[in-house]
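# Analysis of the macromolecular model
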Amino acid sequence: MKRLLLFAVILLCSCTIQLPEYTRTSFLDFNKYKPFLVSSLPDYAGYSYTSLGQIIVEVGQATTYQNGMVSTKAVSSQTVLDLLVNEAKENGANGIIGVNISYTPASDRRAQPCWTAIGIAIHADSLDENAFTSINDDFAAKFRRTPVTRDELARFIEQTVSYLKNNALELTRAGKDDFEVFDIQTKRYITLDAFNARYGEYAYKMLSRAFDAAMAEESRTADQ
């Protein structure tokens, strides 16, 4: 009997468990909160605003362990963002920047999986969609040849900063004959004069400010 039990234990221990590969994607809709501003950038570049404070929202998923089975009530990242935005509004904010949402799975049966959302609640002086309709004709021409809106400028800045961070690139560098700036459209460095001619001096100023803020935030996070 002992030999049979030992054989059964060895057989169970030798079983191979294979977990199939899978891919999961998600999309967080920031536009649904308009005119309330939601941005993952750590700085509201080009706008005058007051930081009201940091908001942290943690949502633990309801989990049941029974007879070796695990049952979890799903919570979406969009739902967590809803809570973050609502909390910011209740504290007098008309925008939230530096938004970061993460998921932590359960480590054991005494823990539960949870979502954590963090952001900086701000009160911006102006969230007018047409606040930047005349910042630069060259920059406007690059985007559908129409006046530049706040969203277009923010999207241009966010795309550029995100690409630079993901590829460990600097915004500027010393060129052969002149100072050079990274151009998100061509994915290469061009002279500052060429950048300003294409997008305008105002766009460079706001992009530079946003990139410096993003790098400072990344440095602070790495030091923690």
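Structure shown above.
The shown structure was predicted, so the numbers you read here are calculated from the model rather than taken from an experiment.

Thresholds applied
- Residues numbered from 1 in each chain as written.
- Predicted model: local features only at pLDDT ≥ 70, side-chain atom pairs only at ≥ 80, totals over all residues.
- Heavy atoms only, no water.
- Helix = DSSP H or I, 4+ residues; strand = E, 2+ residues; numbered from the N terminus.
- Buried < 20%, exposed > 50% of the residue type's maximum accessible area, 1.4 Å probe, protein only.
- Contact = heavy atoms within 4.5 Å.
- Areas by Shrake-Rupley, 256 points an atom, 1.4 Å probe, with all protein chains shown as cover.
- Salt bridge = Lys/Arg side-chain N within 4 Å of Asp/Glu carboxyl O.
- Phe/Tyr/Trp six-rings, centres within 6.5 Å; stacked < 30°, edge-to-face > 60°.
- Lys NZ or Arg CZ within 6 Å of the ring centre and 35° of its normal.
- Arc of directions from axis to C-beta.
- Pairing = 2+ DSSP bridges.
- Axes fitted to C-alpha atoms, helices over the stretch in contact; angles between N-to-C directions.
- Patch = residues over 30% accessible without salt bridge, like charges linked within 9 Å, V, L, I, M, F, W, Y side chains within 5 Å.
- Lys, Arg positive; Asp, Glu negative; His and termini not counted.
- Charge placed at Lys NZ, Arg CZ, Asp CG, Glu CD.
- Expected span 1.5 Å × (residues − 1).

This part takes up the overall build of the protein chain. Within the protein chain, the regular secondary structure consists of six helices and nine strands. Put simply, the protein chain has 224 residues, and 33% of those count as buried. Relative to all contacts within the protein chain whose residues are 6 or more apart in sequence, the contacts with residues 24 or more apart total 63%. Total accessible area computed for the protein chain in this model is approximately 14,600 Å², and 51% of it derives from carbon and sulfur atoms.

One pass over the structure, following the stated rule, counts two salt bridges. For D82, the salt bridge goes to K32, with nearest N and O atoms at 3.3 Å. Of this pair, D82 sits in helix α2 (residues 77-90) while K32 sits in the loop between α1 (2-13) and β1 (37-38), placing them 50 residues apart in sequence. Given a relative accessible area of 22%, D82 falls into the partly exposed group.

Let us look at the packing of aromatic side chains. A complete count under the given rule lists four aromatic pairs for this structure. Through a chain of ring-to-ring contacts, three or more aromatic side chains come together here, namely Y163, F182 and Y189. The ring of Y163 carries K187 above its face, with NZ or CZ at 5.4 Å from the centroid.

To continue, consider helix α5 (residues 192-199). For α5, the set of buried residues is F195, N196 and Y199. End-on view of α5: buried residues confined to an arc of 95°, all on one side of the axis. Just past α5, the residue G200 takes up positive phi, approximately 100°.

Attention now goes to the sheet that holds strand β7 (residues 172-174). Read across the open sheet, the three strands follow the order β7-β8-β9; overall the sheet is antiparallel. Two strands in the sheet have a free side with no partner beyond their single neighbour: β7 and β9 (188-191). The sheet shows a mean angle of 40° between the axes of neighbouring strands, taken without regard to direction. Pairing between strand β8 (residues 179-183) and β9: four bridges, direction antiparallel. Pairing of V181 across the sheet is with I190, part of β9. α5 contacts β8 and β9 of the sheet and is inclined by roughly 95° relative to β9.

This brings us to a negative patch on the surface. A cluster of like negative charges, contributed by D177, D178, D193 and E201, occupies part of the molecular surface. Within the secondary structure, D177 is located in the loop between β7 and β8. Among the residues examined, D177 registers a relative accessible area of 72% and is labelled exposed.

The next thing to look at is α2. Counted at 1.5 Å a residue, the expected span for α2 with its 14 residues is 20 Å, and the 20 Å between its end C-alpha atoms agrees. Here α2 has its buried residues at S77, Q78, V80, L81, L84, V85 and A88. Buried positions in α2, seen along its axis, are confined to an arc of 155° and lie on one side of it. Next to the buried residues of α2 lie β1, β2 (49-60), β5 (95-104) and β6 (114-124). Two residues or fewer after α2 comes G92, characterised by a positive phi angle close to 85°.

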